[in-house]
Amino acid sequence: MTELEELVLTPGELARGVRVENVLFGMDWTGEDDPGQLAAFVARRVRAFGLEPVGVDTDDLYRAAEGEPTPGRGDFPVRLLDHLSGVVARLGCTLMVWDTGTDTYEVLVALTGGDEPAGLMHEDAPVRAWGAEPEETLVSLDCPSCSQLLVWQVPTIETLADESCDCGAVLFDAAGRPLPEVILHG
């Protein structure tokens, strides 16, 4: 049993052999299929831990967004996650994301007593508190000389200083900044 399971599953769920995937909410980067789904999921998980989900609601965010200019595509889910992260922190929980390398937010609620856990993994992918810096950064680009797709998974404490393509094209300077002709993928 991993530490993650002990944080996101109740003792009863652990005893029944419930898997982490069964207490996970997947939300596309563009947002919920229906307004309120994420808040309902978070409220269910908070209740599962025996807590009252006070303030776990996103209706006010949706109402406020109606009076604003249309947010950019993908901006509103970040607002929802930021809001709910703050709410669950006051309840002694942590909103977490499983970084699977896709464009889907895989959301978990962990009972942490307000502490932000670090170094958690699930199926060889990191799980981190929402808002915490990822431990690794994915960098991808097409080589400006040969058009080869290049991808690196770089720990945040490292850079791609003086990195080159197999064709010999230098891509990054000594400080790890991409050279002017190098365009990183979003």
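Described below are features of the structure shown in this document.

Reading the values: rules and limits
- Residues numbered from 1 in each chain as written.
- Predicted model: local features only at pLDDT ≥ 70, side-chain atom pairs only at ≥ 80, totals over all residues.
- Heavy atoms only, no water.
- Phe/Tyr/Trp six-rings, centres within 6.5 Å; stacked < 30°, edge-to-face > 60°.
- Helix = DSSP H or I, 4+ residues; strand = E, 2+ residues; numbered from the N terminus.
- Buried < 20%, exposed > 50% of the residue type's maximum accessible area, 1.4 Å probe, protein only.
- Lys NZ or Arg CZ within 6 Å of the ring centre and 35° of its normal.
- Patch = residues over 30% accessible without salt bridge, like charges linked within 9 Å, V, L, I, M, F, W, Y side chains within 5 Å.
- Areas by Shrake-Rupley, 256 points an atom, 1.4 Å probe, with all protein chains shown as cover.
- Salt bridge = Lys/Arg side-chain N within 4 Å of Asp/Glu carboxyl O.
- Lys, Arg positive; Asp, Glu negative; His and termini not counted.
- Charge placed at Lys NZ, Arg CZ, Asp CG, Glu CD.
- Axes fitted to C-alpha atoms, helices over the stretch in contact; angles between N-to-C directions.
- Parallel < 35°, antiparallel > 145°, perpendicular 65-115°, else oblique.
- Left-handed = near helix turned anticlockwise from the far one by under 90°.
- Contact = heavy atoms within 4.5 Å.
- Expected span 1.5 Å × (residues − 1).

### A look at the packing of aromatic side chains
Inspection of every chain in the model, using the stated rule, returns four aromatic pairs. Geometrically, the ring pair formed by phenylalanine 25 and phenylalanine 41 is stacked, given 5.5 Å between the ring centres and 25 degrees between the ring planes. Of the two residues, phenylalanine 25 sits in strand β1 (residues 25–28) while phenylalanine 41 sits in helix α3 (residues 37–48), which places them 16 residues apart along the sequence. Assessed through its relative accessible area of 4%, phenylalanine 41 is described here as buried. Summarising the aromatic geometry, the rings of tyrosine 105 and tryptophan 130 are spaced 5.6 Å apart at their centres and angled 80 degrees between planes, so their arrangement reads as edge-to-face. One end of the pair, tyrosine 105, is in strand β3 (residues 104–111); the other, tryptophan 130, is in the loop between β5 (125–129) and β6 (136–142), with 25 residues separating them in the sequence. Since its relative accessible area comes to 19%, tyrosine 105 is described here as buried. Overall, the relative accessible area of 14% leaves tryptophan 130 in the buried class. Seen from the ring of phenylalanine 49, arginine 45 lies directly overhead, with NZ or CZ sitting 5.5 Å from the centre.

### Some points on a negative patch on the surface
Taken together, the side chains of Asp28, Asp33, Asp34 and Asp103 define an acidic patch exposed on the protein surface. The exposure class assigned to aspartate 33 is exposed, which follows from its relative accessible area of 70%.

### Here we look at the packing of α3 against helix α5 (residues 75–90)
Helix-helix packing: each pair is described by the crossing angle between the helix axes and the interaxial distance. Contact geometry of α3 with α5 gives a least axis separation of 11 Å together with a crossing angle of 20 degrees. By the angle between their axes, α3 is roughly parallel relative to α5. Considering how the two elements wind past one another, α3 and α5 form a crossing that is right-handed. Contacts between α3 and α5 involve Leu38, Ala39, Val42 and Val46 from the former and Leu80, Leu81, Leu84 and Val88 from the latter.

### Description of a nonpolar patch on the surface
Together, Leu138, Leu149 and Val151 line one region of the surface with nonpolar side chains, adding up to about 310 Å² of accessible area. With respect to the secondary-structure elements, valine 151 resides in strand β7 (residues 149–155).

### Things to note about the pattern of salt bridges
Scanning the entire structure with this criterion turns up six salt bridges. Here arginine 19 ties to glutamate 21 by a salt bridge, and the two come within 3.1 Å at their closest N and O atoms. Assessed through its relative accessible area of 47%, arginine 19 is described here as partly exposed. Connected through salt bridges with shared partners, the residues Arg19, Glu21 and Glu123 form a single ionic network.

### A look at α3
The first and last C-alpha atoms of α3 sit 17 Å apart over 12 residues, in line with the 16 Å expected at 1.5 Å per residue. Among the residues of α3, Leu38, Ala39, Phe41, Val42, Ala43, Arg45 and Val46 are the ones counted as buried. At its buried positions, α3 is contacted by α1 (3–8), α2 (11–16), β1, α5, β2 (93–98) and β3. The positive-phi residue at the C-terminal boundary of α3 is glycine 50, with phi of around 85 degrees.

### A word on α5
With 16 residues, α5 ought to run about 22 Å at 1.5 Å a step, and its terminal C-alpha atoms sit 24 Å apart, in line with that. Along α5, the residues classified as buried are Phe76, Pro77, Leu80, Leu81, Leu84, Ser85, Val87 and Val88. Contacts from the buried residues of α5 go to β1, α3, α4 (59–66), β2 and β3. Looking one or two residues past α5, glycine 92 carries a phi angle of roughly 90 degrees, positive in sign.

### Observations concerning the side chain of serine 140
Within the fold, serine 140 resides in strand β6. If we ignore the near neighbours within four places in the chain, the residues touching serine 140 are Leu150, Val151, Leu184 and His185.

### Some remarks on the environment of valine 151
Sequence separation between valine 151 and serine 140 is 11 residues; the distance between their C-alpha atoms is 4.3 Å. When neighbours within four sequence positions are excluded, valine 151 is seen to be in contact with Leu138, Val139 and Ser140.

Read these as spatial facts, not as claims about activity.
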